[in-house]
Amino acid sequence: MEEMVCSNCRLIISHGDKCPLCGNSNLTRRWSGYLIVLNADMSEIAKKLDIKVNSVFALNIKD
C-alpha cells in the first residue's frame with residue numbers, strides 16, 4: 001500500500017483512512033520529502049513546524 005499523508009498535520013500514514021494523530025480523514029498520496037523526528041522536545045525544526053510527537057512527516061503536500 002502506498003503511504004498517505006494527513007493534509008492537516010502532515011503525518012505519514014501507512015494504513016487506515018483516518019489520521020491517528022489529529023483525527024483528520026482528508027488524506028492525500030500527493031506529497032514529497034519527509035522529516036523523521038526522533039526527539040520532538042529537543043528538535044529546533046520540530047518546534048518551528050509545531051510538531052510535538054516523534055514520527056515521520058511530509059515536507060511538501062502537492063495540490
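Residues numbered from 1 in each chain as written. Predicted model: local features only at pLDDT ≥ 70, side-chain atom pairs only at ≥ 80, totals over all residues. Heavy atoms only, no water.

## A few points about the overall build of the chain
Alright, step 1. Regarding its fold elements, the chain presents one helix and five strands.
Alright, step 2. What you see in the chain, going N to C, is helices and strands ordered as β-β-β-β-α-β.
Alright, step 3. Taken over the C-alpha trace, the chain has a radius of gyration of 11 Å; the compact-globule value for 63 residues is 11 Å, and the two agree within 12%.
Alright, step 4. Counting over 63 residues, the chain shows a buried share of 29%.
Alright, step 5. Looking at the chain as shown, the accessible area adds up to about 4,500 Å², and 49% of this sits on carbon and sulfur atoms.
Alright, step 6. Here the chain carries 8 positive and 7 negative side-chain charges, and the mean point of each set is 3 Å from the other. (Helix = DSSP H or I, 4+ residues; strand = E, 2+ residues; numbered from the N terminus. Rg over C-alpha atoms; globule rule 2.2 N^0.38 Å. Buried < 20%, exposed > 50% of the residue type's maximum accessible area, 1.4 Å probe, protein only. Areas by Shrake-Rupley, 256 points an atom, 1.4 Å probe, with all protein chains shown as cover. Lys, Arg positive; Asp, Glu negative; His and termini not counted. Charge placed at Lys NZ, Arg CZ, Asp CG, Glu CD.)

## With respect to the pattern of salt bridges
Alright, step 1. Enumeration according to the criterion identifies three salt bridges in this entry.
Alright, step 2. With a shortest N-O distance of 3.9 Å, Glu-2 and Arg-29 are connected by a salt bridge. Separated by 27 residues along the polypeptide, Glu-2 in the segment before strand S1 (4-6) and Arg-29 in the loop between strand S3 (27-28) and strand S4 (31-36) bring together distant segments of the chain.
Alright, step 3. Looking at Glu-2, the relative accessible area reads 47%, which means it is partly exposed.
Alright, step 4. Judged by its relative accessible area of 43%, Arg-29 falls in the partly exposed class.
Alright, step 5. Among the salt bridges present, the one from Asp-50 reaches Lys-52, with a minimum N-O distance of 2.5 Å. (Salt bridge = Lys/Arg side-chain N within 4 Å of Asp/Glu carboxyl O.)

## Things to note about a nonpolar patch on the surface
Alright, step 1. Side chains of Tyr-34, Ile-36 and Leu-38 sit close together on the surface and give an oily, nonpolar patch of about 380 Å² of accessible area.
Alright, step 2. As for its placement among the helices and strands, Ile-36 is situated in strand S4. (Patch = residues over 30% accessible without salt bridge, like charges linked within 9 Å, V, L, I, M, F, W, Y side chains within 5 Å.)

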